[in-house]
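# Breakdown of the fold
What follows is each chain in one-letter form.
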Amino acid sequence: MALRKQPIAERPAGPEARRARLLELLQAADRPLTGTELARRLGASRQLIVQDIAVLRAAGVEILATPRGYLLLRAHPAHRTLVAVRHTPEQTEDELTLLVDLGVKVVDVIVEHPIYGELRGSLHVASREDVRQFIEAVRRTGARLLSELTEGLHLHTLEARSPELLARAREALRQRGYLVE
């Protein structure tokens, strides 16, 4: 008895069709999609997906590479702020959990490096599950946090649906002793 293979990929004809389908997948996604997942869904190699992402970016499409995969940048919510914070690497999970529990998304982490200037890492952490995945990736890879380059001092871009949530987040960071003023 022969096993029937399940179709894994769509295999769009040609690079333009594949890039159009890649863009559709990113637009429909409610979470970051990994290069491996996109490659499987499009019947292409991961390297080809990385190349397609580069071509789309060069054409002006705003695609972010996050630790959890690719994310299409959408219009920003009306309420954003930048906060300066300082804490130890061991306090990172507490800081991120504190913010997402208040309904605030941590968009990025920014440090000022003496040689390279501003270094920015995309986070896009908006839930406890996002925090768990981020911390697990740090542990699994042994990667150092950007904030370790600056003795814990770093900036975060925060997003929320109201300025009141951002004010509450700032106050919560102040109470924890993380906020630098």
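What comes next concerns the included structure. Each chain carries its own residue numbering, running from 1 in the direction its sequence is written. The model is predicted, so local features are restricted to residues of pLDDT at least 70 and side-chain atom pairs to those at 80 or more, both for listing and for counting; the totals for chains, interfaces and linings are taken over all residues. Heavy atoms throughout the structure, all of them, feed into the side-chain values; hydrogens and water do not.

Pairing between the strands of a sheet comes from backbone hydrogen bonds, and it takes one of two forms, parallel or antiparallel. Judged by pairing direction, the sheet is antiparallel, and its four strands sit side by side in the order 3-6-4-5 without closing on themselves. In the strand order of this sheet, the two ends are held by strand 3 (79-86) and strand 5 (117-125), each with one partner. Here the strands of the sheet are splayed against their neighbours by 20° on average, with no regard to which way each runs. The strands touched by helix 4 (residues 92-101) are strand 3, strand 4 (105-113), strand 5 and strand 6 (153-160); relative to strand 6, the strand with the most contacts, the crossing angle is about 20°. Criterion used throughout: strands pair if DSSP finds at least two bridges between them. Secondary structure elements follow DSSP: runs of H or I no shorter than four residues count as helices, runs of E no shorter than two count as strands, and numbering proceeds from the N terminus. Axis lines are fitted to C-alpha atoms, over the contacting stretch for helices. Their N-to-C directions set the angle, which ranges from 0 to 180 degrees. Throughout, a residue-residue contact means that at least one pair of heavy atoms, one from each residue, lies within 4.5 Å.

On to the pattern of salt bridges, then. Two side chains carrying opposite charge are able to pair once their charged atoms lie near each other. A side-chain nitrogen of Lys or Arg and a carboxyl oxygen of Asp or Glu constitute a salt bridge if their distance falls within 4 Å. Following the criterion strictly, the structure yields 16 salt bridges and no others. Taking the shortest distance from any N to any O, the salt bridge between Glu 37 and Arg 31 comes out at 2.8 Å. On the accessibility criterion, Glu 37 (16% relative accessible area) is buried. The buried label goes to any residue with under 20% of its type's maximum accessible area, the exposed label to any with over 50%, and the partly exposed label to all in between, with areas taken from a 1.4 Å probe on protein chains only. Of the residues examined, Arg 31 reaches a relative accessible area of 41% and is grouped as partly exposed. Of the charged contacts in the structure, one is a salt bridge between Arg 144 and Glu 148, with a shortest N-O distance of 3.3 Å. It is possible to trace a salt-bridge network through shared partners that takes in Arg 18, Arg 19 and Asp 52.

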